[in-house]
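# Breakdown of the fold
Letter by letter, the chains look like this.
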Amino acid sequence: MIRYLSSFLLAVCASVVMFSCTSSSKKASEEKGASIEIKDERGDSEWIMLFDGANIDKWKKFKGGEVTGWKIIDGELHNSGVGSDHGGDILTKDEFENFELYVEWKIAAESNSGIFYHVQEDIVEKIYESGPEYQLLDDKGWPTKLADSQYTGANYSMEAPVGAEVAPLGEWNTTRIVVNNPHVEHWLNGKKVVEYELWSEEWEAQKAAGKWKDKEHYGVAKKGGIGLQDHGGLTVFKVIKIKVL
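In short, a report on the structure. Everything quoted here is computed from the prediction, not taken from an experiment.

The helix and strand inventory of the protein chain stands at two helices and 13 strands. Relative to all contacts within the protein chain whose residues are 6 or more apart in sequence, the contacts with residues 24 or more apart total 66%. For the protein chain, the exposed surface amounts to about 13,300 Å²; the carbon and sulfur share of it is 54%.

Shown next, in the form of structure tokens:
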């Protein structure tokens, strides 16, 4: 009888230990699962990699042709910068309407670049005549004074960024462009710096009074390619991904 009682007590103790371990494991799993759910709610599984460090198959030269001049070095995409190997602007082969674009980038001293969206290459000669531009610039080292709407994070020559802080040279910046027609947001290093409504009365008035007043196709398209500018100096891109909204 004592032997059976001892076996029973051992079985009960084992069950308690197993339950305790299972509960702890379940709790840890739930905590881990909570973070996974948050990640899924952000739609990470829906991101399309436009540049993954290995190739630029999803890109073409603006106005057609294979990409030249741009180089992949240690998993990073370098525009051609300056010199005889100038590659020009590049454009995604696919078009996007409503999306969230995420880009990691850094810029060399006194360099200038940009990210375009809703680009329609068939109706313009220059990429900036079609798609609005998220400006990339060496803000602190640029040798001349620019208009407020020409610094990093701006909707170039339209909306000036508010509270934008560019990382020091050699360090990575993060950019998010959220387009949900007609609403647009520009984010820089985790901070929203620009917000505007495409085709609103205010937007139309800005266009009519500024640099784009004679560019009839500027900002008109409701969808188009994502463009990267090869404008002057060196800009390096590490991660480029997009999520369709």
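This paragraph deals with the pairing of strand S6 (residues 99-107). The buried count for S6 comes to eight of nine residues, which makes it a mostly enclosed element. Judged from the seven bridges that link them, S6 and strand S9 (residues 173-180) form a sheet pairing that is antiparallel. Across the sheet, the residue bridging to Phe-99 is Val-179, located in S9. Relative to strand S13 (residues 235-244), S6 runs antiparallel, the two sharing nine bridges. In the strand pairing of S13, Ile-107 is matched with Thr-235.

Now for the nonpolar core. By size, the foremost hydrophobic cluster in this structure holds 37 residues, and its most contacted members are Leu-101 and Ile-240. Top element by residues in this core is S6. It accounts for five residues. For Leu-101, the contacting residues outside a window of four places in its chain are Leu-50, Ile-115, Thr-175, Arg-176, Ile-177, Ile-226, Ile-240, Lys-241 and Ile-242. Membership of the second largest hydrophobic core comes to six residues, among which are Phe-62, Leu-91, Val-124 and Ile-127.

Considering all chains together, one arrives at six aromatic pairs under this definition. Aromatic pair Trp-70 and Phe-237: ring centres 6.3 Å apart, planes at 25°, arrangement stacked. One end of the pair, Trp-70, is in the loop between strand S2 (59-61) and strand S3 (71-73); the other, Phe-237, is in strand S13, and 167 residues separate them in sequence. We classify Trp-70 as buried; its relative accessible area is 7%. For Phe-237, a relative accessible area of 0% translates into the label buried. Among the aromatic residues, those joined into a cluster by ring pairs are Tyr-128, Tyr-156, Trp-203, Trp-212 and Tyr-218. Sitting over the ring of Trp-187, Arg-176 keeps its end group 4.7 Å from the ring centre.

With that settled, consider the environment of Leu-228. Note that Leu-228 resides in strand S12 (residues 225-228). You can call Leu-228 buried: its relative accessible area is 1%. Ignoring any residue separated from it by four or fewer positions in sequence, one finds Leu-228 in contact with Trp-59, Trp-70, Leu-77, Asp-89, Ile-90, Gly-114, Ile-115, Phe-237 and Ile-240.

Attention shifts here to the side chain of Thr-92. Inspection of the secondary structure assignment puts Thr-92 in strand S5 (residues 90-92). The class for Thr-92 is buried, based on a relative accessible area of 2%. Polar contacts involving the side chain of Thr-92 include one to the main-chain carbonyl oxygen of Asp-94, which spans 2.8 Å.

Here we take up the environment of Met-158. For Met-158, the position within the fold is in the loop between strand S8 (133-137) and S9. Residue Met-158 is classed as buried on the basis of its relative accessible area of 8%. Each C-alpha atom of the pair Met-158 and Lys-207 lies 7.2 Å from the other, and the pair is 49 residues apart in sequence. Leave out the neighbours within four places in its chain, and Met-158 touches Ser-149, Trp-203, Gln-206, Lys-207, Trp-212 and Tyr-218.

About the criteria used
- Residues numbered from 1 in each chain as written.
- Predicted model: local features only at pLDDT ≥ 70, side-chain atom pairs only at ≥ 80, totals over all residues.
- Heavy atoms only, no water.
- Helix = DSSP H or I, 4+ residues; strand = E, 2+ residues; numbered from the N terminus.
- Contact = heavy atoms within 4.5 Å.
- Areas by Shrake-Rupley, 256 points an atom, 1.4 Å probe, with all protein chains shown as cover.
- Buried < 20%, exposed > 50% of the residue type's maximum accessible area, 1.4 Å probe, protein only.
- Pairing = 2+ DSSP bridges.
- Core = buried A, V, L, I, M, F, W, Y, C linked by side-chain atoms within 4.5 Å.
- Phe/Tyr/Trp six-rings, centres within 6.5 Å; stacked < 30°, edge-to-face > 60°.
- Lys NZ or Arg CZ within 6 Å of the ring centre and 35° of its normal.
- Polar contact = N/O pair within 3.5 Å; in protein donor to acceptor, adjacent residues only side chain to side chain.

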